[in-house]
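What the coordinates show
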Amino acid sequence: MSPCRELITKVFPNIDHEISDYINGMLEDGGDDFSTSDDLFEAIGIMLQQADDSKTEDDIKEICDRLYCLLHSTPNGNGTSGAVNGLNKILEAPVQMSELTSELSNNNDNSIWLIKRDSSTVVDQKKLEKAEKQLQKKLDKREQTTIKKVESVPEMASASQQINKRDAKMDAAGTNKSYDIKLENIDVSYGDKVLLTGADLHLVFGRRYGFTGRNGLGKTTLLKMLSSGSLKIPSHISVLHVEQEVAGDDTPALQSVLECDEKREALLKEEKLLTVQLQSSSPGQDKDNAMATRLQEIYKELMAIESDKAPAKAAMILNGLGFSSSDQQRQTREFSGGWRMRLALARALFTKPDLLLLDEPTNMLDMKAIIWLENYLQTWPTTILVVSHDRLFLDSVSTDIIHLHSCKLESYRGNYEVFHKTREERMKNLRKEYEAQKQYRDHIQVFIDRFRYNANRAAQVQSKLKLLEKLPEIKPPEKETEAVLKFPECDTLSPPILQLDDVTFYYNKDRILFNKVCVNANMESRICIVGDNGAGKTTLLKLLLAELEPCSGHRHAHRNLRIGYFSQHHVDQLDMSVNSVQLLANRFPGLSQEVYRGQLGHFGVSGDLALRPVSSISGGQKSRVAFAVMSMTNPNFFILDEPTNHLDMETIEALGDAINKFKGGVILVSHDERLIRSVCKELWVVSGGTVTALDGGIDEYKRLVQIELEAH
């Protein structure tokens, strides 16, 4: 054991083995780096102090002095410190040959040239390897623990804004009566990604704003910032964000909607309590008069808010969103997640907040409910901010459009169609202006370059240079990245491909869902399935997929048929803890990283996006990942159940192009009218236990739905 190690072990008997090895390694390998004991104290003093809290700083300094002496000297023959080479040999120091000769002549066996190494100091190689493995295992465990801790902490969005002092004072004093919302200089970020910087958001009371932009830019995050109070709006403005589904309990659906009106519920409870007290209390004229007076006040307040009309209003909203009379009396826990989201929407429509925030409200609705919602929101009295990628819905509902682009918010008057034309014209003019100025700059620069060294033209060159400096710099208009979706090539199959013959199916014999259904699809099929929610569209898909067995009848499929199935169920079941590349590697192991990244690239998930955790990407980006997973098996037939949910408009158009280019067959369930029009060759209507091919396509179906709504 070296003197330094011996001293440290003696003075610090409880020192951690790893710290001791580290300090001794520093002393043995770099002793010459410490020119004074103070240098040594600065290097290892803190670690020594942590090894024994009972020792003071002076004690540690004294120990460092002793270690320094051991490093730079060694005892001579008389027991004092000499200048001969010690523990750490000094390079180019003189060697005392007389002493060396004496040692060789007296006892040759003890010469430094012949002496054998003490076996007690030889390291056991097996023990060393075992110790190294244990140390590495400990370090790996510590690293994994650190990684797990990092992954378990979700990234949080943060926001800041510029507050007007005058508005803040008015809000604090309660004198602000305006219901307009004006947010200035907004900055919003999610982790290290900047979503908005220096943006302004102005919402005029009573107007209906459509909120558009590409997937992943931060539309949903901004809505959450507004509803959570992270972005401050006047305190007297009520905000409601339809974000989470209603919790399931024993409350009937109709009562769940009525309970949203807290004022009405409180008045009804008080009225009931006072009535019971008046009926059961002993005679007391003063007390009875007070309760009777309060009861009269409650009746007036209930009349003022039209309390008696509330149940009919709630029932009308629920009916419009697809709840039948019997459904309205069912307990909320009996409904699925999609129906509970409809219930949350119904509660919001019944409450009528000053600012209603809707995020993709059409995702959980069938076409009949979408048409009803469009008509209902057209007469909405307060402010709406709605995120939607349904162009026709925004055309019908919006009075203004807010477009999120390049971390800024741009406002346009009019519906989506007007916005689209206005923006196209604006971008066209910006490109023209940029090209014209670029051409003008280039013309001036040619003159400058030509006559820069001509003394006779020096004044003109200087004039041109000043002119260039004064020209306002115009940046080229940013082009949005093109949406990419590309389905794999597939082999063609000869018919018959997929068909149901006289299929009858039911979950309960009392209610037959399908009765003697006959349908057929081939490699050229582009079939869209429509129908009311609950009519059996998803059940029909599962029969086609053979996930359900017919109660009678037969399903026939080509022996080489490979079906790719997409649904929101598959999107929700993606592993959120890994990135997209790792997700594909886990599902389809044994392939190279290039294959996984290439597959994701076919669906626009590339670059850093492919390496971000799935939990941190937007809903539309998750759908793209689910498309990539679905296509890994190289299917030759697609069955797509509501594939447009959460996709932005550009990606929906890209999806339509990809479907049209695909060589296999496609069966599609969708409520997106533009997608249906772009790809559909055949329309199947699921209704009344049958599946009917409707002549006239989507226009005829919309006409029938409108007639049914007007009849109600």
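As the structure is a computational prediction, the values presented were derived from the model and not from experiment.

Now for a positive patch on the surface. A surface patch of positive charge is lined by K428, R431, K432 and K479. For K432, the location among the structural elements is in helix α17 (residues 416-451). For K432, a relative accessible area of 53% corresponds to the exposed category.

Under the criterion given, the structure shown has 28 salt bridges. Taking the shortest distance from any N to any O, the salt bridge between E270 and R294 comes out at 2.8 Å. Here R294 lies in helix α11 (residues 285-304) and E270 lies in helix α10 (residues 262-280), a separation of 24 residues in the sequence. Taking relative accessible area as the criterion, R294 reaches 24% and is therefore assigned partly exposed. A salt bridge links D532 to K368; its shortest N-O distance comes to 3.0 Å. Here K368 lies in helix α15 (residues 367-377) and D532 lies in the loop between β14 (526-530) and α19 (537-545), a separation of 164 residues in the sequence. Owing to a relative accessible area of 28%, D532 belongs among the partly exposed residues under this scheme. The exposure class of K368 is buried, given its relative accessible area of 15%.

Our focus in this paragraph is the packing of aromatic side chains. Summed over the entire model, instances satisfying the criterion amount to 16 aromatic pairs. An angle of 70° between the planes, with centres 6.1 Å apart, marks the rings of F487 and F627 as edge-to-face. Taken together, the positions of F487 in the loop between α18 (458-470) and β12 (498-508) and F627 in helix α23 (residues 619-631) put the pair 140 residues apart, joining distant regions of the chain. With relative accessibility at 7%, the residue F487 sits in the buried group.

Our next topic: the packing of helix α12 (residues 310-320) against α15. Contact geometry of α12 with α15 gives a least axis separation of 9 Å together with a crossing angle of 135°. In this view, α12 runs oblique relative to α15, as classed from their interaxial angle. Between α12, through K313, M316, I317 and G320, and α15, the contact on the second element is made entirely by A369, W372 and Y376. Looking at the contact of α12 with α15 residue by residue, the classes come out as five nonpolar, one polar and one charged.

Core analysis: the biggest nonpolar cluster contains 44 residues, and L321, L349 and L377 have the highest contact counts within it. Listed by contribution, the elements that provide at least two residues to this core are α9 (253-258), α12, α14 (337-351), β8 (355-359), α15, β9 (383-387), α16 (391-397) and α17. Ranked by the residues each element gives to this core, the list is headed by α14, at nine residues. Apart from the residues within four sequence positions on either side, L377 is in contact with R208, L349, L358, I384, F393 and V397. Listed in part, the 40 residues of the second largest apolar core include L485, F603, M630 and A658.

Reading the values: rules and limits
- Residues numbered from 1 in each chain as written.
- Predicted model: local features only at pLDDT ≥ 70, side-chain atom pairs only at ≥ 80, totals over all residues.
- Heavy atoms only, no water.
- Patch = residues over 30% accessible without salt bridge, like charges linked within 9 Å, V, L, I, M, F, W, Y side chains within 5 Å.
- Areas by Shrake-Rupley, 256 points an atom, 1.4 Å probe, with all protein chains shown as cover.
- Salt bridge = Lys/Arg side-chain N within 4 Å of Asp/Glu carboxyl O.
- Lys, Arg positive; Asp, Glu negative; His and termini not counted.
- Charge placed at Lys NZ, Arg CZ, Asp CG, Glu CD.
- Helix = DSSP H or I, 4+ residues; strand = E, 2+ residues; numbered from the N terminus.
- Buried < 20%, exposed > 50% of the residue type's maximum accessible area, 1.4 Å probe, protein only.
- Phe/Tyr/Trp six-rings, centres within 6.5 Å; stacked < 30°, edge-to-face > 60°.
- Axes fitted to C-alpha atoms, helices over the stretch in contact; angles between N-to-C directions.
- Parallel < 35°, antiparallel > 145°, perpendicular 65-115°, else oblique.
- Contact = heavy atoms within 4.5 Å.
- Nonpolar A, V, L, I, M, F, W, Y, C, P; charged D, E, K, R; others polar.
- Core = buried A, V, L, I, M, F, W, Y, C linked by side-chain atoms within 4.5 Å.

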